[in-house]
Amino acid sequence: MKTLLELTAIQTYIDQYHILQNVSFEVPRGEVTVLLGRNGAGKTTTLRTIMGLNPAAKGNVLFKDQEITTLKPYEIAKRGIGYVPEDQGIFGDLTVGENMRVAMQKEDEATQERLEWILDLFPDLKKFWKRPGGQLSGGQKQMLAIARAYMNETELLLIDEPSKGLAPIIVEKVMESIEQMKEKTTIILVEQNFMMASQIGDRFYILDDGRTVHRGEMEELRVNEQLRKKYLGIA
Ligand SMILES: Nc1ncnc2c1ncn2[C@@H]1O[C@H](COP(=O)(O)OP(=O)(O)OP(=O)(O)O)[C@@H](O)[C@H]1O
Ligand SMILES: [Mg+2]
């Protein structure tokens, strides 16, 4: 089974607003699929629709060939989709360790192995295990958010703009970590930092006005300045 997730003609409303008007894409297993697009294009809403937080009114979402369109967020998480939201969603009052433990659905050996693996990947989390989440640096918060999402049996990880608000050197570090996570899980990455996206992405979809308007191999976008200018406002 090559395709892990498939969205077909998704339409999503937030209150009376018709936000996603026609979003369709496929996510191949083992790859990093990047969602690009200007501010307000609908990238976050697309991830929230996959997670069941803003369920689609029309169209469908297939995960491992099974329909998950109308499942509740916790059911979708249980199927093996992890979500790192734009605002990171960590608990500022809880320590790093507590943040991690709250995220774990199980305490089995596999979870313990994932914990060890992720702490090797993000040694800062081990170092600041007893520090409140709210006192971490921006980069460390992002690492904690990613680590939390990875704690359960995750076959697909949705990561929303991990580079946002971080210094370039930290962005580089976070991106390198995501690149290593690629060995463990399939990833959908929302990223406005084109340099970073192109570094780790295998293929891309461009969203504009709530619609998927373009798709291709990442390489195609690297060489297509016109496309980047048109939809992303960058050269
Ligand atoms: N709670 C809401 N109520 C009304 N409109 C909303 C709400 N949330 C998002 N929108 C609108 O939906 C559209 C898509 O928003 P979304 O957050 O999905 O975009 P985005 O591509 O993630 O943008 P950004 O790059 O700024 O994060 C925008 O026009 C936004 O104003
Ligand atoms: Mg967003």
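Let me begin by describing the structure that accompanies this report. (Residues numbered from 1 in each chain as written. Chains lettered and ligands numbered in written order. Predicted model: local features only at pLDDT ≥ 70, side-chain atom pairs only at ≥ 80, totals over all residues. Heavy atoms only, no water.)

1. Brief notes about the coordination of the magnesium ion (ligand 2)
In the first shell of the magnesium ion (ligand 2), the protein supplies Thr-44 (OG1) and Glu-86 (OE), at 1.9 to 2.7 Å from the metal. With Thr-44 in helix H1 (residues 43–51) and Glu-86 in the loop between strand S6 (81–84) and helix H3 (96–103), this pair connects stretches of sequence that are 42 residues apart. Taking the relative accessible area as the measure of exposure, Thr-44 reaches 22% and is therefore partly exposed. (Donors = N, O, S within 2.8 Å, 3.2 Å for Na, K, Ca; no water. Helix = DSSP H or I, 4+ residues; strand = E, 2+ residues; numbered from the N terminus. Buried < 20%, exposed > 50% of the residue type's maximum accessible area, 1.4 Å probe, protein only.)

2. Focus: the nonpolar core
Leu-36, Ile-118, Ile-178 and Leu-221 are the most contacted members of the largest nonpolar core, which totals 45 residues. Considering each element in turn, this core owes the most residues, seven residues, to helix H6 (residues 138–150). When sequence neighbours within four positions are dropped, the list of residues in contact with Ile-178 reads Ile-146, Ile-159, Pro-162, Ile-187, Leu-189 and Ile-200. Val-23, Ala-41, Val-61 and Ile-188 belong to the second largest nonpolar core, which has 27 residues in total. (Core = buried A, V, L, I, M, F, W, Y, C linked by side-chain atoms within 4.5 Å. Contact = heavy atoms within 4.5 Å.)

3. Overview of the site of ligand 1
Neighbouring residues of ligand 1: 14 residues in total, closest Gly-40, Lys-43, Thr-44, Thr-45 and Glu-86. Between ligand 1 and Ala-41 there is a distance of 3.2 Å, counted from an oxygen atom to a backbone nitrogen or oxygen. Take Gly-42: an N or O atom from its main chain is 3.0 Å from an oxygen atom of ligand 1. Its free accessible area being 630 Å², ligand 1 has 61% of it covered by the protein chains. For the shell around ligand 1, the secondary-structure elements that each account for two or more residues are strand S2 (17–28) and H1. The greatest single-element share of the shell around ligand 1, amounting to three residues, is contributed by H1. (Near = heavy atom within 4 Å. Polar contact = N/O pair within 3.5 Å; in protein donor to acceptor, adjacent residues only side chain to side chain. Areas by Shrake-Rupley, 256 points an atom, 1.4 Å probe, with all protein chains shown as cover.)

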